[in-house]
Amino acid sequence: MIEEKYIPISNFIPSTSEPGLKLHVAELGEGTPVLFVHGATVASHGFYAPVKGRNWMASAAGAGFASYALDIRGYGKSQSDQMWTQAEPYASASEAIEDINDAVEWIAKRHGTAPSLVGISWGSITCGLYASTIGRARVNRLVLAAPIFAEKNELWRNLIGDPSDKGKLNPAFGAYRATALTDLMARVNEELPADCDWHSEGAIEAVVACALRDDVRSSNFVPPKLHSPNGTFVDLIQCFNGKPLYRPEDIRIPVMIIRGAQDLTSTRSDALTLFDKIGSNERRYVEIANGGHFVSLARNSGELFEEVNAFLRPYDRS
């Protein structure tokens, strides 16, 4: 069981772009602010998994940061009535950056300073888009973890592409999808070499348990399933067909790109292309050995946390 001091508190802020929507922002620690933004399937629970040593928000708080984690609309505790009624994929990056902006402005008012931004997986797309467009003057430093940019990826084209045209999203995807723990574990395992021992015992299970607890319709299934918006797939099918969703050249703040060395979704070639295109003069590229796409929940997640914590502190160039 995780210590009580590492359990975040919940804040709910009004959305400025979807009437009636309350956005959930988890909060832990005091100090310089940093906002975490999640990936495609699990909401902010992935940043505060109740497993010792795998709690990214606790690591940041322990390093002197006020750590926040946002649930994008339709995820986690940011429940949306609209998601359940529309037919088209809900909550793509163009909507997500509005949620990020609401959270960034709320945090900046609380602290009197711009927060840094950490986006993982699909969150790297939304954070990159934000930092290169409406958030260009509103973010201090930017971390893109397990980043996805613009490279053809046959694994994902086969998973979510239209069988008759993999350059397009499979039209069978509606507004949202439901994922069981077994489905997510299969997704984690397919990224890893056979017989490796990189997993952190119970970490994925703990994250999913937290997510299911906050999912108002998870009990409609036996076993329970986690609901996630499908707007992320609108973005991913573009990226995995080599079409970028933002201009990295327009990002002028300090940037870190960090990934697991064996990540099959965030590939080395794609990440280095992104790194080379970023417009900032201050940027770092880091790989964590023996890690896949879910390295933030793996045994060596501490390496990831320490690298990011160090980057988020401005360098002393005196």
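Structural data are supplied above this passage.
Since the structure is predicted, the reported quantities are computational estimates derived from the model, not experimental observations.

*Asks:* Can you tell me about the overall build of the chain, naming the residues and giving the values?
*Replies:* Helix and strand counts for the chain stand at ten helices and twelve strands. Rg of the C-alpha trace for the chain: 18 Å, near the compact-globule value of 20 Å for 318 residues, within the 12% margin. Overall, the C-alpha framework of the chain stretches about 60 × 45 × 40 Å when taken along its three principal axes. When the 318 residues of the chain are sorted by exposure, 57% land in the buried category. The long-range fraction of contacts in the chain, counting pairs at least 24 apart against all pairs at least 6 apart in sequence, stands at 77%. Of the charged side chains in the chain, 31 are positive and 38 negative, and the gap between their average positions amounts to 3 Å.

*Asks:* Let's hear about the environment of Ala-146: which residues, and what values?
*Replies:* The residue Ala-146 is located in the loop between β6 (142-145) and α5 (154-160) in this model. Residues Ala-146 and Pro-229, 83 residues apart in the sequence, show an inter-C-alpha distance of 20 Å. Residues within four places of Ala-146 in sequence aside, it is in contact with Ile-120, Ser-121, Ser-124, Ile-258, Arg-259, Asp-263, Ser-266 and His-293.

*Asks:* Tell me about the side chain of Asp-215, and name the residues and values.
*Replies:* Note that Asp-215 resides in the loop between α7 (203-214) and β10 (226-229). One buried charged residue, Asp-215, forms no salt bridge at all, with the nearest opposite charge on Arg-217 at 6.9 Å. Looking at Asp-215, its side chain comes within polar contact range of the main-chain nitrogen of Ser-218, at 3.2 Å. Polar contacts involving the side chain of Asp-215 include one to the main-chain amide nitrogen of His-227, which spans 2.7 Å. Asp-215 has contacts with Lys-225, Leu-226 and His-227, leaving out every residue within four places of it along the chain.

*Asks:* Report on the sheet that holds strand β3 (residues 32-37), specifying residues and quantitative values.
*Replies:* On the basis of which strands lie adjacent, the open sheet formed by eight strands has the order β1-β2-β4-β3-β5-β6-β11-β12 and mixed pairing. The strands lining the two open edges of the sheet, one partner per strand, are β1 (9-14) and β12 (283-288). If you compare each strand with its neighbour and ignore which way they point, the axes differ by 20° on average. Two strands pair when backbone bridges link them, and β1 and strand β2 (residues 22-28) are joined in this way by six bridges, in the antiparallel orientation. Looking at the pairing, Pro-14 lines up with Lys-22 of β2. Relative to strand β5 (residues 116-120), helix α4 (residues 122-132) is tilted by about 145°, and along the sheet it contacts β3, β5 and β6. Set on the sheet, helix α9 (residues 268-277) makes contact with β6, β11 (255-260) and β12; between it and β12 the angle comes to about 165°.

*Asks:* Give me the lowdown on the packing of helix α3 (residues 93-111) against α4, citing residues and values where you can.
*Replies:* Relative to each other, α3 and α4 sit at 70°, their axes nearing to 9 Å. As far as their axial angle goes, α4 and α3 are roughly perpendicular. For the pair formed by α3 and α4, the contact residues are Ala-93, Ser-94, Ala-96, Ile-97, Ile-100, Asn-101 and Val-104 on the first element and Trp-122, Thr-126, Cys-127, Leu-129 and Tyr-130 on the second. Residue composition of the contact of α3 with α4, by class: nine nonpolar, three polar and no charged.

*Asks:* Outline the environment of Glu-282, supporting the account with residue identities and numerical values.
*Replies:* By the element assignment, Glu-282 lies in the loop between α9 and β12. Taking C-alpha positions, Glu-282 is 39 Å from Asp-183, a pair spaced 99 residues apart along the chain. One polar contact links Glu-282 to Arg-141, side chain to side chain, over a distance of 2.6 Å.

*Asks:* Give me the nonpolar core: which residues, what numbers.
*Replies:* Core analysis: the largest hydrophobic core is formed by 50 residues, its most contacted members being Leu-35, Ile-100, Leu-117 and Leu-142. The element contributing the most residues to this core is α3, with seven residues. Every residue in contact with Ile-100, bar those within four places of it in the chain, is listed here: Leu-35, Val-37, Leu-70, Ile-72, Leu-117, Thr-126, Cys-127 and Tyr-130.

*Asks:* How would you explain the packing of aromatic side chains if you had to name every residue and give the values?
*Replies:* Summed over the entire model, instances satisfying the criterion amount to eleven aromatic pairs. Site record: aromatic cluster; members linked through ring pairs are Phe-36, Phe-47, Trp-56 and Phe-305. Over the aromatic face of Phe-311 sits the side chain of Arg-141, whose NZ or CZ is 4.6 Å from the ring centroid. Just above the ring of Trp-84 sits the side chain of Arg-217; from NZ or CZ to the centre is 4.0 Å.

*Asks:* So what about α9? Which residues, and what values?
*Replies:* Turning to α9, its buried residues are Asp-270, Ala-271, Leu-274 and Phe-275. On an axial view of α9, the arc spanned by its buried residues comes to 140°, and they lie on one face.

Calculation criteria
- Residues numbered from 1 in each chain as written.
- Predicted model: local features only at pLDDT ≥ 70, side-chain atom pairs only at ≥ 80, totals over all residues.
- Heavy atoms only, no water.
- Helix = DSSP H or I, 4+ residues; strand = E, 2+ residues; numbered from the N terminus.
- Rg over C-alpha atoms; globule rule 2.2 N^0.38 Å.
- Buried < 20%, exposed > 50% of the residue type's maximum accessible area, 1.4 Å probe, protein only.
- Contact = heavy atoms within 4.5 Å.
- Lys, Arg positive; Asp, Glu negative; His and termini not counted.
- Charge placed at Lys NZ, Arg CZ, Asp CG, Glu CD.
- Salt bridge = Lys/Arg side-chain N within 4 Å of Asp/Glu carboxyl O.
- Polar contact = N/O pair within 3.5 Å; in protein donor to acceptor, adjacent residues only side chain to side chain.
- Pairing = 2+ DSSP bridges.
- Axes fitted to C-alpha atoms, helices over the stretch in contact; angles between N-to-C directions.
- Parallel < 35°, antiparallel > 145°, perpendicular 65-115°, else oblique.
- Nonpolar A, V, L, I, M, F, W, Y, C, P; charged D, E, K, R; others polar.
- Core = buried A, V, L, I, M, F, W, Y, C linked by side-chain atoms within 4.5 Å.
- Phe/Tyr/Trp six-rings, centres within 6.5 Å; stacked < 30°, edge-to-face > 60°.
- Lys NZ or Arg CZ within 6 Å of the ring centre and 35° of its normal.
- Arc of directions from axis to C-beta.

That is the geometry; function is a separate question.
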